[in-house]
Amino acid sequence: MLFPRQHLPGKNHKRLVIYQPASGLRLIFLVLWLSLSGSLIAEPIYLSGDDAITDLSLVPVNPPSDIFKSSFPNENSPLNWYRLDIELSPYSPHDWLMVFHQVPHKKLDVFIPVNNGYQLTKMGIDGSLSGMAPNTMKLILKPGETKTWYLRHDPVALNQLNPELWPSLNYYEVLSEQQTAISSIQTLLIVALIFIFTLTLRNRTPALYLLISHVLAANIMILMWEGDIFRVVSWPGEPGHWLILITAVVLVTGIASYRTLALLPVYTPKTDRLSRALNIVAMALAVYGITSASSASVAPLKLAAYALLASFTLVVLATAYCLYNGIRPAKVAFPSALTMLILLSWSWYTEAESGSLTTYPEFILLSFHAVLLPLFYWYGHQQNLNHAISINAIAPASRKRRIFESALREHLQTPDSPLSDNELIQKVLTTFAEVLPGVPAMVFRHQQDEWHFFPGETTDYSKAAENLAKQLPEIEDDLLSVIASGIETKINFKDRYGTIYWLFPLNIDAGNKILMVLTPSRYHRNATTWQTASDISNHACTLFQANRQSLFWQQQANLDPLTGLLNRRAFCQEAESIIETSLGTDPIRPCCALFMDIDNFKQLNDLQGHNAGDQILKTTAVICRKSLRHQDLLGRYGGEEFVALLPDTEPWQAFHVAERMRSAIASEHAKNNQWANIQPTTVSIGISALSRDVNSLGRILEEADTAMYRAKQKGKNRTSISTSLTDVRIPQP
């Protein structure tokens with residue numbers, strides 16, 4: 001009810017009901033006042049004293065009628081209008097300035113009261129660069145006077161309009177101090193960049209490339225924070241968004257620099273991958289936040305900040321873990337990373353609002369840190385260079401034979417058939433992974449003056465192996481001399497970074513040295529782990545020796561004892577595999593066979609004896625081997641007969657190979673003919689090729705044998721081709 005009822009006493013003491021409208025009117029006036037409150041004028045901002053006014057709490061208003069007298073702007077315009085009523089104290093001794101962000105807004109117009117009208121001044125990226133500070137304007141006010149300013153601005157969620165009012169002398173003093181600090185940091189950053197480029201010319205490492213990116217990003221951040229670059233060069237989008245993005249890049253490259261400086265990819269690979277994933281997520285959220293046009297873009301920026309802090313925290317924790325394990329680079333990286341994390345977290349917690357631009361303290365902190373980071377790298381690098389690498393030989397703790405559990409015996413039992421070295425290495429690595437989980441294990445093999453490493457089934461420790469491989473050439477002579485001191489020797493190796501490796505020689509042949517390498521953490525550096533690793537390595541040594549003996553006897557069983565070529569059985573086994581591979585393609589891969597027979601060999605044996613015949617066979621085998629490629633098969637088929645299989649060879653190519661071989665044999669035997677009344681030794685050769693009809697080893701050798709007998713019939717010391725070959729490129733006899 002709009003009107004309340006009131007009971008008053010009357011005649012005969014009867015009660016009458018009278019309605020009074022006073023309270024209802026007050027309620028109506030209250031409603032009208034609330035509905036018009038948006039157009040009421042707030043109290044003017046009073047300027048007095050020496051302190052700046054930094055929180056103006058702007059409230060949007062309708063476009064002013066005293067500016068647009070004839071026509072109003074389009075109602076759908078995205079621009080917001082704000083009104084500032086400012087009064088100057090009669091006793092104020094200062095000239096006052098209206099100050100905006102140094103990072104300019106894309107659109108910001110200020111309407112200044114002049115001569116009963118308004119003058120438009122552009123303060124956005126389309127504004128002028130004139131004056132000591134293009135983001136400021138002087139307030140033309142007389143003492144005791146009140147005037148109204150209007151601001152027209154395109155609102156952006158991540159770069160809100162927040163003007164400040166400053167006494168001019170105070171502001172220019174603060175601005176001068178800021179410019180001095182910024183100029184000093186810029187100079188230091190340029191010096192640091194030149195310094196890093198100099199180091200890169202001598203030592204190109206991922207850490208240096210990251211430092212270059214970090215310092216360059218910090219330089220760009222300074223230019224963007226000063227704001228002039230946006231007025232000189234045309235940039236798409238909002239300038240404040242670019243500053244937020246480059247700040248995120250500075251943080252990500254700084255975190256990545258700490259990862260490489262502390263060698264986290266080597267010693268804490270899983271934590272390092274998680275930190276790297278958080279960096280990627282943070283950058284993705286930052287890009288999404290600044291490209292989003294809605295006010296909801298603040299939330300992704302919050303999540304990006306949390307992801308960066310989580311990534312930085314992981315890096316600090318991983319660096320602390322490396323420091324605990326005695327990794328020397330962590331001694332430099334940990335205190336710096338921890339200090340930076342604390343200061344950055346405190347800055348974000350106390351000063352920077354979520355989604356706001358980079359504040360001056362945060363900006364100075366990031367820039368100064370970018371100057372110091374190259375110095376940390378240089379200091380750590382110098383410490384590493386000055387540290388001597390140590391190699392300690394440790395005798396086994398016990399020579400007693402230890403009994404292993406059944407699982408370990410199954411892992412290290414002698415295989416039924418000989419394995420290659422690579423297969424055996426993988427078998428040993430699997431054993432270490434099963435018996436000593438969590439202890440990084442790898443195998444280094446020194447062969448043909450080069451070190452090759454095998455990280456096993458996991459790739460977690462491949463970077464640790466690469467790091468060790470880079471240092472091995474420096475200590476190779478000392479290391480090999482220690483290894484040569486005895487197969488029972490175990491080696492404790494400490495590199496210049498403070499990392500400890502356990503080395504167990506598995507094989508010390510002159511041309512093929514195999515080392516088992518473990519990089520245990522501090523938690524695993526105990527007598528039990530050492531003894532277990534020693535026992536496994538001892539069994540692995542026995543396994544390598546047994547496997548080599550098996551390979552030796554298998555090889556002896558496959559070789560002809562006189563010529564050293566494959567015997568007939570081994571040749572046929574290898575040849576069958578090659579022919580199956582050639583027939584398995586469409587079209588058939590070319591493959592040719594040579595069947596060779598020494599001419600007049602029986603006469604030489606009868607007249608000069610078997611020793612002369614054996615010498616002829618050896619010489620012929622050597623010449624044939626030199627005439628063929630590494631992938632060609634060569635074997636002694638029986639008596640004075642030799643066979644060769646040439647994969648991926650056309651018949652005309654096989655003919656030239658056979659002729660070259662035949663000529664070399666005839667020339668060699670003629671030059672070294674030691675027997676009178678005996679003609680120099682020659683060979684007759686037959687050639688056949690694989691085809692749809694000649695599609696087996698038996699058929700191709702039969703065709704070549706038939707062609708060889710045809711060469712004998714034509715006078716010996718010649719090459720003859722199978723009648724099934726029609727290649728016109730083969731010279732006709």
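Preceding this paragraph is the structure being described.
Cut-offs used in this document
Residues numbered from 1 in each chain as written. Predicted model: local features only at pLDDT ≥ 70, side-chain atom pairs only at ≥ 80, totals over all residues. Heavy atoms only, no water. Phe/Tyr/Trp six-rings, centres within 6.5 Å; stacked < 30°, edge-to-face > 60°. Helix = DSSP H or I, 4+ residues; strand = E, 2+ residues; numbered from the N terminus. Buried < 20%, exposed > 50% of the residue type's maximum accessible area, 1.4 Å probe, protein only. Pairing = 2+ DSSP bridges. Axes fitted to C-alpha atoms, helices over the stretch in contact; angles between N-to-C directions. Parallel < 35°, antiparallel > 145°, perpendicular 65-115°, else oblique. Left-handed = near helix turned anticlockwise from the far one by under 90°. Contact = heavy atoms within 4.5 Å. Core = buried A, V, L, I, M, F, W, Y, C linked by side-chain atoms within 4.5 Å. Disulfide = S-S within 2.5 Å. Salt bridge = Lys/Arg side-chain N within 4 Å of Asp/Glu carboxyl O. 1 Å grid on protein atoms, 1.4 Å probe; cavity = no way out; pocket = protein on both sides within 12 Å on 5 of 7 lines; lining within 4 Å. Points joined across faces, edges and corners; volume = space filled by probe spheres on them. Nonpolar A, V, L, I, M, F, W, Y, C, P; charged D, E, K, R; others polar. Expected span 1.5 Å × (residues − 1). Polar contact = N/O pair within 3.5 Å; in protein donor to acceptor, adjacent residues only side chain to side chain.

Peer 1: Which residues make up the packing of aromatic side chains, and what values do they have?
Peer 2: According to the stated counting rule, one finds 11 aromatic pairs in the structure shown. Relative to tyrosine 360, the ring of tryptophan 225 has its centre 5.6 Å away and its plane inclined at 45°; by these criteria the two rings are tilted. Placement of tryptophan 225 in helix α3 (residues 206-226) and of tyrosine 360 in helix α10 (residues 360-386) is noted, with a sequence separation of 135 residues between them. Of the residues examined, tryptophan 225 reaches a relative accessible area of 9% and is grouped as buried. According to the relative accessible area criterion, tyrosine 360 is partly exposed, its value standing at 26%. Between tryptophan 225 and phenylalanine 363 the ring centres are 4.6 Å apart and the planes differ by 5°, which places this aromatic pair in the stacked class. Here the residue tryptophan 225 occupies a position in helix α3, and phenylalanine 363 occupies one in helix α10, the gap between them amounting to 138 residues. Owing to a relative accessible area of 1%, phenylalanine 363 belongs among the buried residues under this scheme. Three or more aromatic residues joined by ring pairs form one cluster here, namely Trp166, Tyr171 and Tyr172.

Peer 1: Give me the lowdown on the sheet that holds strand β9 (residues 136-138), citing residues and values where you can.
Peer 2: Read from one edge of the open sheet, 3 strands run β9-β6-β11, paired in antiparallel fashion. Only two strands of the sheet have a single neighbouring strand rather than two, namely β9 and β11 (164-167). Between one strand and the next, the sheet's axes are offset by a mean angle of 30°, whatever the strand orientation. Bridging between strand β6 (residues 96-99) and β9 involves 3 bridges; their strand directions are antiparallel. For valine 99, the partnering residue across the bridge sits in β9 and is threonine 136.

Peer 1: Give me the packing of α3 against helix α5 (residues 239-261): which residues, what numbers.
Peer 2: Orientation of α3 relative to α5, taken along the N-to-C sense of each, is 155°, at an axis distance of 8 Å. As far as their axial angle goes, α5 and α3 are roughly antiparallel. In this structure, the crossing between α3 and α5 has a hand that is left-handed. Each of Ala207, Leu210, Leu211, Ser213, His214, Ala217, Ala218, Ile220, Met221, Met224 and Trp225 in α3 lies in contact with α5, whose residues at this interface are Trp242, Leu243, Ile246, Thr247, Val249, Val250, Thr253, Gly254, Ala256, Ser257, Thr260 and Leu261.

Peer 1: So, the nonpolar core: which residues are in play, and what are the values?
Peer 2: Core analysis: the largest hydrophobic core is formed by 79 residues, its most contacted members being Leu189, Leu243, Phe312, Phe444, Leu479, Leu503 and Val517. The element that contributes the greatest number of residues to this core is α3, accounting for 11 residues. Formed by 29 residues, the second largest nonpolar core is a distinct cluster that contains Ile598, Ala621, Cys624 and Ile685.

Peer 1: Which residues make up the state of the cysteines, and what are the values?
Peer 2: Under the criterion given, the structure shown has 0 disulfides. Not engaged in a disulfide, the cysteine cysteine 592 finds its nearest cysteine sulfur in cysteine 591; these two sulfurs lie 6.7 Å apart. For cysteine 592, a relative accessible area of 0% translates into the label buried.

Peer 1: Please set out the pattern of salt bridges residue by residue, giving values where relevant.
Peer 2: Per the counting criterion, the structure on display carries 15 salt bridges. Of the charged contacts in the structure, one is a salt bridge between arginine 259 and aspartate 272, with a shortest N-O distance of 2.4 Å. Pair noted here: arginine 259 is in helix α5 and aspartate 272 is in helix α7 (residues 269-291), with a separation of 13 residues, a long-range link. Of the charged contacts in the structure, one is a salt bridge between glutamate 659 and arginine 662, with a shortest N-O distance of 3.0 Å. Within this pair, glutamate 659 and its partner arginine 662 are both found in helix α18 (residues 651-671), separated by 3 residues, close to a single helical turn. Of the residues examined, glutamate 659 reaches a relative accessible area of 23% and is grouped as partly exposed. With a relative accessible area of 14%, arginine 662 lands in the buried category. Here the salt bridges share partners, and the residues they tie into one network are Lys107, Asp109, Lys122 and Arg152.

Peer 1: Can you break down empty space enclosed by the protein residue by residue, with the values?
Peer 2: Enumeration over the complete set of coordinates arrives at 2 cavities of 30 Å³ or more. Of the voids in this model, the largest cavity is the one considered here, and its volume is about 60 Å³. Contributing to the lining of the largest cavity are His214, Val250, Leu251, Gly254, Ile255, Phe312, Met340, Leu366 and His369. Every element with two or more residues in the lining of the largest cavity is listed here: α5 and α10. Considering every element that reaches the lining of the largest cavity, the biggest residue donor is α5, with 4 residues. Within the lining of the largest cavity, the residues separate by chemical class into 6 nonpolar, 3 polar and no charged. Size it by volume and the second largest cavity reaches roughly 30 Å³. Taken together, Phe100, His101, Val103, Pro104, His105, Leu108, Met123, Asn135 and Arg231 make up the full set of residues lining the second largest cavity.

Peer 1: Go over α7, please, and point to the residues and values.
Peer 2: The end-to-end C-alpha distance of α7, which contains 23 residues, comes to 33 Å, matching closely the 33 Å that a straight helix rising 1.5 Å per residue would cover. Regarding α7, the residues found buried are Pro269, Asp272, Ser275, Asn279, Ala282, Ala286, Gly289 and Ile290. Residues of α7 that are buried sit in contact with α5, α6 (264-267) and α8 (298-324).

Peer 1: Give a description of α3 that names residues and reports values.
Peer 2: In this model, α3 (21 residues) spans 31 Å end to end at C-alpha, consistent with the 30 Å of a helix rising 1.5 Å per residue. Just beyond α3, the residue with positive phi is glycine 227, at close to 90°.

Peer 1: Now, about the sheet that holds strand β19 (residues 633-638): what can you tell me, with residues and values included?
Peer 2: Judged by pairing direction, the sheet is mixed, and its 5 strands sit side by side in the order β19-β20-β18-β21-β22 without closing on themselves. Pairing within the sheet leaves two strands with one partner each, and these edge strands are β19 and β22 (719-721). Strand after strand, the sheet turns through a mean of 20° between neighbouring axes, direction not considered.

Peer 1: Give a detailed account of the side chain of arginine 636, specifying residues and quantitative values.
Peer 2: Mapped onto the fold, arginine 636 is located in strand β19. Separated by 3.4 Å, the side chains of arginine 636 and aspartate 560 make a polar contact. Residues within four places of arginine 636 in sequence aside, it is in contact with Asp560, Leu562, Thr563, Leu565, Leu566, Asn567, Arg568, Leu617, Glu641 and Phe642.

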